[in-house]
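Coordinate inspection notes
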Amino acid sequence: MPRVAMLGIQHLEQCLLIETRSDPHPWGRTNWLRSLRDDHCLGYWRDTDLVAISAYSLVLDEVSLLNIVVDNSSRGNGVGRQLLTEGLEWMQQFGGQRCLLEVRLSNIVARTLYKKLGFAEDGIRKKYYPLGEGHEDAVLMSADLPLI
Ligand SMILES: CC(C)(COP(=O)(O)OP(=O)(O)OC[C@H]1O[C@@H](n2cnc3c(N)ncnc32)[C@H](O)[C@@H]1OP(=O)(O)O)[C@@H](O)C(=O)NCCC(=O)NCCS
């Protein structure tokens, strides 16, 4: 039975395992450690297996989606959509009224997911992400909560 629940420091190694094998641009230990300690992190479990992870921060009524990763083996089954939807419902309980995020211009799958959930593309931040040699633009997106 799938369930979405909070992640804590005890899940650090599992988070690193998921992102190492599933995210072409992994966050790394330092960022996950900080987020698991200081931010709001939610995971998606299928039975006893953690298959997706996400991190959010909140400043006043503004939520930032910091990261979301679905394990390669669980992609394309609605896991990302469900985790993000429930994650933002969760953040509303803490007063979140709007969500902002940045996504690589080349990340069509994530951009499509966000648009399907009602996010609008607000602009471009030039050369925001490091990319092998050089940099890649970020697309800035936002949505009011609750999502429609
Ligand atoms: C982006 C990511 C979280 C999506 O997770 P997912 O569980 O595979 O996505 P879902 O199955 O919930 O799909 C939701 C929507 O995304 C889009 N989508 C999913 N897979 C897609 C694909 N291969 N091609 C194009 N669009 C796709 C579809 O619009 C889909 O909606 P639909 O099923 O109604 O068509 C996942 O691909 C991932 O972890 N990517 C690597 C990390 C990453 O890039 N994170 C985002 C950082 S900003």
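Counting restarts for each chain, with residues numbered from 1 along the sequence as it is written. Whole-chain, interface and lining totals are the exception, using all residues; otherwise, since this is a predicted model, local features are given only for residues with pLDDT of at least 70 and side-chain atom pairs are given and counted only at 80 or more. Excluding hydrogens and water, the side-chain figures rest on all heavy atoms present in the structure.

1. Quick word on the nonpolar core
- Definition used in this section: a nonpolar core is a set of buried Ala, Val, Leu, Ile, Met, Phe, Trp, Tyr and Cys residues joined via side-chain atoms within 4.5 Å. Accessible area is worked out with a 1.4 Å probe on protein chains only. A residue is then buried under 20% of its type maximum, exposed over 50%, and partly exposed in between. With 26 residues, the main nonpolar core has Y56, L65, L84, L88, Y114 and F119 as its most contacted residues.
- Those elements that place two or more of their residues in this core are β2 (40-46), β3 (49-59), β4 (62-70), α3 (79-93), β5 (98-104), α4 (108-116) and β7 (135-144).
- Secondary structure counts use DSSP, requiring at least four H or I residues in a row for a helix and at least two E residues in a row for a strand, with both numbered from the N terminus. Per element, the largest residue contribution to this core is 5 residues, and it comes from α3.
- Residues W32, L50, I53 and A55 belong to the second largest nonpolar core, which totals 13 residues.

2. Some words on the UniProt feature "domain: N-acetyltransferase" (unreviewed entry) in the protein chain
- UniProt positions are given in the numbering used here, feature names are shortened, and annotations may be inferred rather than shown by experiment. When the UniProt feature table is mapped to this numbering, "domain: N-acetyltransferase" (unreviewed entry) covers residues 2-146.
- From the first C-alpha to the last, residues 2-146 spans 22 Å; its make-up is 31% helix and 41% strand.

3. Some details on unusual backbone geometry
- The peptide bond linking L145 to P146 adopts the cis configuration, its omega dihedral lying at 0°.
- With respect to the element layout, P146 can be found in the segment after β7.
- Look at L60: it is not a glycine, yet its phi comes out positive at around 55°.
- If you trace the backbone, L60 turns up in the loop between β3 and β4.
- By relative accessible area, L60 is classed as exposed at 78%.
- Residues other than glycine seldom take positive phi values, yet K127 does so here, at roughly 50°.
- Within the secondary structure, K127 is located in strand β6 (residues 120-130).

4. A look at α4
- Taken together, the buried positions of α4 are occupied by A110, R111 and Y114. Buried residues in α4, looked at end-on, bunch into an arc of 100°, giving them a common side. Relative to its buried face, α4 has exposed residues pointing more than 90 degrees away, namely I108, V109 and K116.
- Two residues form a contact once any of their heavy atoms are found within 4.5 Å. Looking at the buried residues of α4, the elements they touch are β4, α3, β5, β6 and β7.
- One or two steps after α4, the chain reaches G118, where phi turns positive at roughly 105°. When we speak of the arc, we mean the arc of directions from the helix axis to the C-beta atoms.

5. Quick word on the pattern of salt bridges
- Salt-bridge detection follows one rule: a side-chain nitrogen of Lys or Arg within 4 Å of a carboxyl oxygen of Asp or Glu. For the structure shown, the criterion picks out 8 salt bridges.
- E102 is the salt-bridge partner of R125, the closest N and O atoms lying 3.2 Å from each other. With a gap of 23 residues between them, R125 in strand β6 and E102 in strand β5 connect regions that are remote in the sequence.
- The partly exposed category is assigned to E102, whose relative accessible area is 34%.
- Of the charged contacts in the structure, one is a salt bridge between E121 and R111, with a shortest N-O distance of 3.0 Å. You can see E121 sitting in strand β6 and its partner R111 sitting in helix α4, a full 10 residues away along the chain.

6. Quick look at the sheet that holds β4
- A pair of strands counts as paired when DSSP detects no fewer than two bridges linking them. Spatial strand order, β1-β2-β3-β4-β5-β7-β6: 7 strands in an open sheet with mixed pairing. Each having just a single partner strand, β1 (2-6) and β6 make up the two edges of the open sheet. Across the sheet, the axes of successive neighbouring strands diverge by a mean angle of 25°, strand direction being ignored.
- As defined by bridge partners, β4 adjoins β5 across 3 bridges and the pair is classed as parallel. Residue pairing in the sheet places E62 in a bridge with R98 of β5.
- Under this scheme, a helix contributes an axis fitted over its contacting stretch, all axes are lines through C-alpha atoms, and angles between N-to-C directions fall in the 0 to 180 degree range. The strands touched by helix α1 (residues 12-22) are β3 and β4; relative to β3, the strand with the most contacts, the crossing angle is about 100°.
- Where α4 meets the sheet, it contacts β4, β5, β6 and β7, and its direction lies at approximately 160° from that of β5.

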